[in-house]
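Residue strings, one per chain:
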Amino acid sequence: MTTIVEGVEFDTVAREWRCKWSADNDKASLAAAQKALNEVLADVKKVDGVKGVQRVVCGGCLDFKVITSLEGDKFGAWEEAKFAPEEAFLEKLKAIDGITTVETQTFTLMPM
């Protein structure tokens, strides 16, 4: 357990990959984003310390997000490895027609 400040602790660190997709062409960019995720998912799940991988899709704001949660003490090693296969996945997203605003974020999680 790590303490940020008294009363604010965490045991999980997560990395989020996100983008916006387009409803054009019968949501083809969303389908392509899912296909790109499927191509790297096994590698993501093999990362030492992975607790879970979640995919979030919002049909209202057109978000596509992948959140990989790791045990807090294992996250640093994945960070040193540049979050592989992050670079390959993000490049696949950027190449998809209709995908915009490709971003990443790291944050902590703690059940309350």
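Our subject is the structure that appears above.
This report concerns the structure included in the present document. (Residues numbered from 1 in each chain as written. Predicted model: local features only at pLDDT ≥ 70, side-chain atom pairs only at ≥ 80, totals over all residues. Heavy atoms only, no water.)

**Quick look at helix α1 (residues 24-45)**
We apply this condition: Working definition: helices are DSSP H or I runs of at least four residues, strands are E runs of at least two. Numbering for both runs from the N terminus. Helices are assigned an expected span. That span is 1.5 Å times one less than the residue count. A 1.4 Å probe rolled over the protein chains alone gives each residue an accessible area, and that area as a share of the maximum for its type sets the label: buried under 20%, exposed over 50%, partly exposed in between. Contact between two residues is taken to exist if any of their heavy atoms lie within 4.5 Å; hydrogens are not considered.
In this model α1 runs 31 Å from its N-terminal to its C-terminal C-alpha over 22 residues, within 8% of the 32 Å that 1.5 Å per residue would give. Buried within α1 are the following residues: S29, L30, A33, A36, L37, V40 and V44. Along its buried surface, α1 packs onto β3 (12-20), β4 (50-58), β5 (63-71) and α3 (86-94).

**Topic: the sheet that holds β5**
Short version of the rule: Following DSSP output, two strands are said to pair if at least two bridges run between them. Inter-axis angles, ranging from 0 to 180 degrees, are taken between N-to-C directions of lines fitted to C-alpha atoms, where helices are fitted over the stretch in contact.
Read across the open sheet, the four strands follow the order β4-β5-β3-β6; overall the sheet is antiparallel. Of all the strands in the sheet, just β4 and β6 (100-109) have a single pairing partner and so form its edges. Strand after strand, the sheet turns through a mean of 15° between neighbouring axes, direction not considered. Looking at chain direction, β4 and β5 are connected through eight bridges and run antiparallel. Bridge pairing in β5 links Q54 to I67. Relative to the sheet, α1 contacts β3, β4 and β5, its axis offset from that of β4 by approximately 175°.

**Observations concerning a nonpolar patch on the surface**
Rules: What makes a patch is a set of residues exposed beyond 30% relative accessible area and free of salt bridges, joined within 9 Å when like-charged and within 5 Å when nonpolar (Val, Leu, Ile, Met, Phe, Trp, Tyr). All accessibility values rest on the Shrake-Rupley procedure with a 1.4 Å probe; residue burial counts only the protein chains present in the view. Note on definitions: salt bridges are taken to be side-chain nitrogens of Lys or Arg within 4 Å of carboxyl oxygens of Asp or Glu.
Taken together, the side chains of I4, V5 and V8 define a hydrophobic patch exposed on the protein surface, amounting to about 260 Å² of accessible area. Note on placement: I4 falls in strand β1 (residues 2-5).

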